[in-house]
Amino acid sequence: MVTYYSDKSVQITSDAIRIGGRRYPLRELARVWHSKGARSWRAIAGRGAIGMVLLGPLVAAAFGFAIALTLHTSVDVTIAIVGVSCLVGLGVGPLADFMLERMDRSYARGSRSLEIWATWRGQQVLLLQTGDALRFGQIYRALQRALEGSTVR
């Protein structure tokens with residue numbers, strides 16, 4: 001028996017797929033397909049919030065420059081305003097790495113729920129539903145390899 005994928009809730013072997021305590025022998029699966037569920041507006045709003053956090057210090061710095069140039073103050077005050085604006089703008093540097101990593105992880109997870117369906121004993125059965133695009137891809141590819149391996153025999 002070959003194991004193609006295994007985690008705490010899913011196991012795909014050359015004989016069967018076990019998901020959530022249920023076992024489906026591969027020879028009983030007539031058809032397997034995947035589909036996308038509804039879009040998660042929460043994930044999209046989270047990406048927008050990350051973008052705003054990245055742009056906030058830059059907008060504040062630009063606003064500081066505009067104020068410094070439009071106010072008719074002494075050179076010392078203008079230099080101080082420009083300096084503080086530069087510091088605020090540079091504050092995005094250390095923050096950017098952290099926030100871009102979070103943005104990258106949000107795209108890896110995806111913004112839609114992903115589903116794996118099968119025809120088992122004449123019925124359409126939802127095998128798996130997840131919002132994690134990376135995990136979904138691993139499971140679906142493993143299932144394809146297991147099904148191809150079971151037909152070769």
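Shown above is the structure to which this text applies.
These lines cover the structure that appears in this document, whether it is placed above or below. (Residues numbered from 1 in each chain as written. Predicted model: local features only at pLDDT ≥ 70, side-chain atom pairs only at ≥ 80, totals over all residues. Heavy atoms only, no water.)

Overview of the packing of aromatic side chains
Thought 1: Scanning all chains against the criterion turns up three aromatic pairs.
Thought 2: Between Tyr24 and Trp120, the aromatic rings sit 4.9 Å apart at their centres with planes inclined by 85°, giving edge-to-face as the arrangement. Of this pair, Tyr24 sits in strand 4 (residues 22–25) while Trp120 sits in strand 6 (residues 112–120); the two residues are 96 residues apart in sequence, bridging distant segments of the chain.
Thought 3: Taking relative accessible area as the criterion, Tyr24 reaches 4% and is therefore assigned buried.
Thought 4: For Trp120, a relative accessible area of 9% gives the class buried.
Thought 5: Relative to Trp117, the ring of Trp33 lies with its centre 6.4 Å away and its plane at 10°, an arrangement referred to as stacked. (Phe/Tyr/Trp six-rings, centres within 6.5 Å; stacked < 30°, edge-to-face > 60°. Helix = DSSP H or I, 4+ residues; strand = E, 2+ residues; numbered from the N terminus. Buried < 20%, exposed > 50% of the residue type's maximum accessible area, 1.4 Å probe, protein only.)

Things to note about the packing of helix 2 (residues 75–90) against helix 3 (residues 92–109)
Thought 1: In contact at an axis separation of 6 Å, helix 2 and helix 3 are set at 15° when each is read in the N-to-C sense. In terms of orientation, helix 2 lies roughly parallel with respect to helix 3. Side by side, helix 2 and helix 3 meet where Val88, Gly89 and Leu90 of the first sit next to Val92, Gly93 and Pro94 of the second. (Axes fitted to C-alpha atoms, helices over the stretch in contact; angles between N-to-C directions. Parallel < 35°, antiparallel > 145°, perpendicular 65-115°, else oblique. Contact = heavy atoms within 4.5 Å.)

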